[in-house]
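# A look at the structure
The primary structure of each chain is shown beneath.
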Amino acid sequence: MKTGSNTMRSLQFLILFLCFVINACAQKLVSPNYESKIDALIGLMTLEEKIGQLTQISNHFDLTGPPPQEGDDKKRYELLSKGLIGSMLNVTSVEDTRRAQEMVLEKSRLGIPLLFGMDVIHGYRTMFPIPLGEAASWDLEAVELSSRIAAREASASGIHWTFAPVVDITRDARWGRIMEGAGEDPYLGSLVAAARVRGFQGDHLDSSYTIAACAKHFAAYGFAESGRDYNIVDMSENTLYNVVLPPFKACLDAGVATFMSGYHELNGIPATADPLLLRDILKGEWGFEGFVVSDYNSVREVASHGLASNRQEATQRAILAGSDMDMGSLCYSTYLGELVESGRVPESVADEAVRRVLRVKFQLGLFEDPFRYCSPERERTEVYSEKNRAASLDIARKSIVLLKNEGGLLPLKQPRRIAVIGPLVKDKDVPLGSWRARAIDNSAVSLWEGLQKTLHKDTELLYAEGCRITAGKRSFRDKLTISYDTSGFAAAREAARDADLVIMAIGEDCFQSAEARSRTDIGLPGVQQQLLETVYAVNPNVVVVLMNGRPLDLSWMAENVPAIVETWFLGSESGNAIADVLSGKYNPSGKLPASFPRSVGQLPIYYNHKSTGRPGNENHNHIFWSHYIDEKQGPLWPFGYGLSYTTFEYTGLELNKTVISSDEQLEVKATLENTGKMGGHEIAQLYICDLAGSITRPVKELKGFRKIWLEAGEQREITFILTAEDLKFYNAAGKWEAEPGEFKVFVGGNSRENLEAVFELKETR
Ligand code: NOJ
């Protein structure tokens, strides 16, 4: 009898739901407004089902966070078998996503489709340069394209949602997650962030070729104290609003579907439970309508931070603050029911969170067809296609930064006998980078393969590994063991001695950066510095090819080695891209998105710092100014820096006015000339300085850039337009406005060497 009535009830709901879906489809033709359908659906849901929608669990076999605690697996299984899950992460492939989706649709009463999320950070199977490297291209079309391809590949495998872009501004290279973002500058960071959102989401979220993006980690995670991951952040409102929030706002303006909170606390409140960030700023002031997912396990960790005395209170704090979906901690599914029933969390709060989650599911078109992203045909033909790899090669070349090229050692003069030395020469795995989604391990083109293919057939290549970076197992989850074995030095020395020139491929293991990979020493790990000095002693004609996920301390190298090429981790086509640059087939044009320090003691270091009351330079005639007594001042290579095989000269900076009012435009003109012997791209940059404000302003702020191709000897006038909009900041009154007064404007090829002029913004009455 009981079973019969249950069946009846299920049938009624099924009919109701079908009517609702048909209606949804019909109405969608007229308007994309899902709100009434969402309300109707919420009206049908039990509290348990609502909490299910706010619960995300990970694929058991592929964790990107700490291993499950006791009881977690049982609980996950229980929820899955009742269909009380809103989303899963790390389930991929048409086959697996289909199986999980079918299970939830069958087990759950209302058949609300699952949302499959994954960290598709710089590619799905075709790997692109790590985000920090890609930002070095300053090429927004390239950035958008790599995200678009990543979305196409991921969506073909059933993924709906990526936990990207990472838009955390950071000034501290010790923090391993610097590799995931766009570096230190809020202006470049905002443009890159928006390009990534556009790439992932395209024009229509309901296209089965696009996926929902997630701006993370909201907010200020990149300022973890002393660069140690998961550490606290203590930050002024001034820095929060002027430096940290702009890239998040840019994502919002680009229509990002979701946000992720972070593991850190900001000014005493864990970000996952911070009503100021989530309720007041994001959902209030900014009117964000999508949903916020916590970070993995971070709801539980609200108690570890000490904001709550137990997990139940942590749950209460997190949901009230505005964390809509609980990633992985199972706190919502364990405690939220009781919290609502006892009135400690109003049901309306849970309803609002559910509404946000359902809204994104509607936007993705999952109610129309929960399997729309499952295409075996597309998975077979689109993922890792030749076309995608060609795009990866192009973007990889654009991301390379030439740091030093004394005596025009590069491009290589062929043919010659070249010793190719170092642990990364034949490595096919490290260039894939960390956060590699579904890349196939060891699938990158190695530098060795690239050189063999590209260099003249008469060039003789000698090889010596020299040393290794790590010993033993290495992966995203493993603790790494650094190798100190020098037994390969003798062979390296010999190869170097016999060669006209040495190419050394050295740097970090890719798993030395990204989450939980902070370093106190940002030099070359292991015995690589020793290897470099050993090789240099017998043959100083050295080109260093660096692979690394963060700015490193390269002071010795910069002083001694004639040529240095920064290649980050370039992805699937790494070796081909590097060989194209070394051989001169491609003239490098990348510029640093983060300052490279002279030593770790300078950190945090960034170009857009404040003046201090005691600014100065090396020529100061007394010691009482802001500096280090044991180090040269300023970075080794500043933000925006990068060389080309040709040279560029900036002259004739002119402003069309010296005084503007807030409704006028300022035209900033300069002449750019290619003074070298080869055509090349230059990234011309415009900076400003607000000389006096209601709060102090940075000594320089990037406000524009242009990537320009000039043939050898060609000259072009470049024009930037500045308006009062570009002069705005979050001021002492807590307002986003431009303040009248004097400004400097700078134009040049990096943040250090510029032409400059002065103008004034007039008071408006
Ligand atoms: C933890 C990381 O902080 C976050 O960025 C990532 O999206 C999740 N794990 C899921 O893998």
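Each chain has its residues counted from 1, following the order in which its sequence is written. Predicted model: local features are reported for residues with pLDDT of at least 70 only, side-chain atom pairs are reported and counted for 80 or more only, and whole-chain, interface and lining totals are derived from all residues. Just so you know, side-chain values use all the structure's heavy atoms and leave hydrogens and water out.

Remember that side chains alternate between the two faces of the sheet whenever the strand is regular. The alternating pattern of strand S1 (residues 55–58) places Thr55 and Ile57 on one face and Gln56 and Ser58 on the opposite face, and all of these are buried. Strands are labelled as partners when DSSP assigns at least two bridges between them. We count a stretch as a helix when DSSP gives it H or I for four or more residues in a row; a strand needs E for two or more, and each element gets its number in order from the N terminus. One ladder, built from two bridges, connects S1 with strand S10 (residues 326–327); its direction is parallel. Bridging from a neighbouring strand, Thr55 pairs with Asp326 of S10. The pairing of S1 with strand S2 (residues 87–89) spans three bridges and is parallel. Across the sheet, Ser58 pairs through a bridge with Leu89, a residue of S2. A simple rule labels every residue: compare its accessible area, found with a 1.4 Å probe on the protein chains alone, to the largest value its type can have, and call it buried under 20%, exposed over 50%, or partly exposed in between.

Taken together, 13 residues sit near the ligand, with Thr64, Asp119, Arg177, His217 and Asp295 positioned nearest. N or O atoms closer than or at 3.5 Å make up a polar contact, with two conditions inside protein: a donor-capable atom paired with an acceptor-capable one, and, for residues adjacent in sequence, both atoms drawn from side chains. The separation between an oxygen atom of the ligand and a polar side-chain atom of Asp119 is 2.5 Å. Here an oxygen atom of the ligand sits 2.6 Å away from a polar atom, N or O, in the side chain of Arg177. We get accessible surface area from the Shrake-Rupley algorithm with a probe of 1.4 Å; when it comes to residues, only the shown protein chains can shield them. Burial of the ligand by the protein chains amounts to 100% of its free accessible area of 290 Å². Tallied by class, residues from the shell around the ligand come to six nonpolar, two polar and five charged. Being near a molecule or strand, for a residue, comes down to having at least one heavy atom within 4 Å of it. In this classification, the charged set is Asp, Glu, Lys and Arg, the nonpolar set is Ala, Val, Leu, Ile, Met, Phe, Trp, Tyr, Cys and Pro, and all remaining amino acids, among them Gly, are polar.

This part covers helix H21 (residues 574–583). Burial of H21 is extensive: 10 of the 10 residues sit out of reach of the surface. Inspection of H21 places Ser574, Gly575, Asn576, Ala577, Ile578, Ala579, Asp580, Val581, Leu582 and Ser583 among the buried residues, and these make up the whole buried set. Structurally, H21 contributes buried residues whose contacts are with helix H16 (386–399), helix H17 (447–454), strand S14 (501–507), strand S15 (542–547) and strand S16 (563–566). Of the residues trailing H21, Gly584 is marked for its positive phi of about 90 degrees. In this analysis, two residues are considered to be in contact whenever any of their non-hydrogen atoms come within 4.5 Å of each other.

The next point concerns helix H10 (residues 275–285). Given 3.6 residues per helical turn, the α-helix brings residues three or four places apart onto the same face. Of the residues making up H10, those classed as buried are Leu277, Leu278, Ile281, Leu282 and Lys283. The buried side chains of H10 occupy one side of the element, clustering within an arc of 155 degrees when seen end-on. Structurally, the start of H10 carries an N-cap: the backbone nitrogen of Leu276 is 2.9 Å from a side-chain oxygen of Asp274. A positive backbone phi angle near 65 degrees is found at Gly287, which sits one or two residues after H10. This arc is built from the directions going out from the helix axis to the C-beta atoms.

Between N-to-C directions, angles cover 0 to 180 degrees, with each direction set by a line fitted to C-alpha atoms, over the stretch in contact for helices. Direction vectors running N to C along helix H8 (residues 186–201) and helix H9 (residues 237–253) enclose 20 degrees, while the axes themselves pass 8 Å from each other. On the basis of the axis angle, H8 is roughly parallel to H9. For the crossing formed where H8 meets H9, the hand is right-handed. Only Asn242, Val243, Pro246, Pro247, Ala250 and Cys251 of H9 make contact with H8, whose side of the interface consists of Pro186, Gly189, Ser190, Ala193, Ala194 and Val197. A breakdown of the residues in the contact of H8 with H9 according to their chemical character gives nine nonpolar, three polar and no charged. Here the word oblique covers every angle except those under 35 degrees (roughly parallel), over 145 (roughly antiparallel) and from 65 to 115 (roughly perpendicular). Crossing chirality is assigned from the near helix's rotation relative to the far helix, an anticlockwise turn below a right angle marking it left-handed and a clockwise turn marking it right-handed.

Bringing the sheet that holds strand S20 (residues 680–690) into the picture now. Strand order in the open sheet formed by five strands is S18-S26-S25-S20-S21, and the pairing between neighbours is mixed. The sheet terminates laterally at strand S18 (659–660) and strand S21 (701–710), the two strands that pair on one side only. Where S20 and strand S25 (residues 741–748) come together, six bridges link them in antiparallel fashion. Counted as the bridge partner of Ile688 is Val745 from S25.

For any pair of aromatic rings, the description consists of the separation of the ring centres together with the inter-plane angle of the planes. In this scheme Phe, Tyr and Trp rings, the latter by its six-membered ring, pair at centre separations within 6.5 Å, and the angle between planes marks the pair as stacked below 30 degrees, edge-to-face above 60, and tilted otherwise. Following the criterion strictly, the structure yields 25 aromatic pairs and no others. For the ring pair Trp175 and Tyr221, a centre distance of 5.0 Å and an interplane angle of 85 degrees mean the geometry is edge-to-face. Here Trp175, found in the loop between strand S4 (161–162) and H8, pairs with Tyr221, found in the loop between strand S5 (214–218) and H9; they are 46 residues apart in sequence, far enough to count as distant. Ring geometry for Phe743 versus Phe759: centroids 5.3 Å apart, planes at 10 degrees, classification stacked. Note that Phe743 is positioned in strand S25 and Phe759 in strand S26 (residues 754–761), a separation of 16 residues in sequence. Judged by its relative accessible area of 0%, Phe743 falls in the buried class. When its relative accessible area of 2% is taken as the criterion, Phe759 is described as buried. Cluster of aromatic residues (ring-pair linked, three or more members): Trp138, Tyr187, Tyr607, Phe639, Tyr687 and Phe705. Here, a charge over a ring means that NZ of Lys or CZ of Arg falls within 6 Å of the ring centre while also lying within 35 degrees of the ring normal. When the ring centre of Phe371 is taken as reference, the NZ or CZ atom of Arg98 above it lies at 4.4 Å. Above the ring of Phe746, the side-chain terminus of Lys700 is found at 4.7 Å from the ring centroid.

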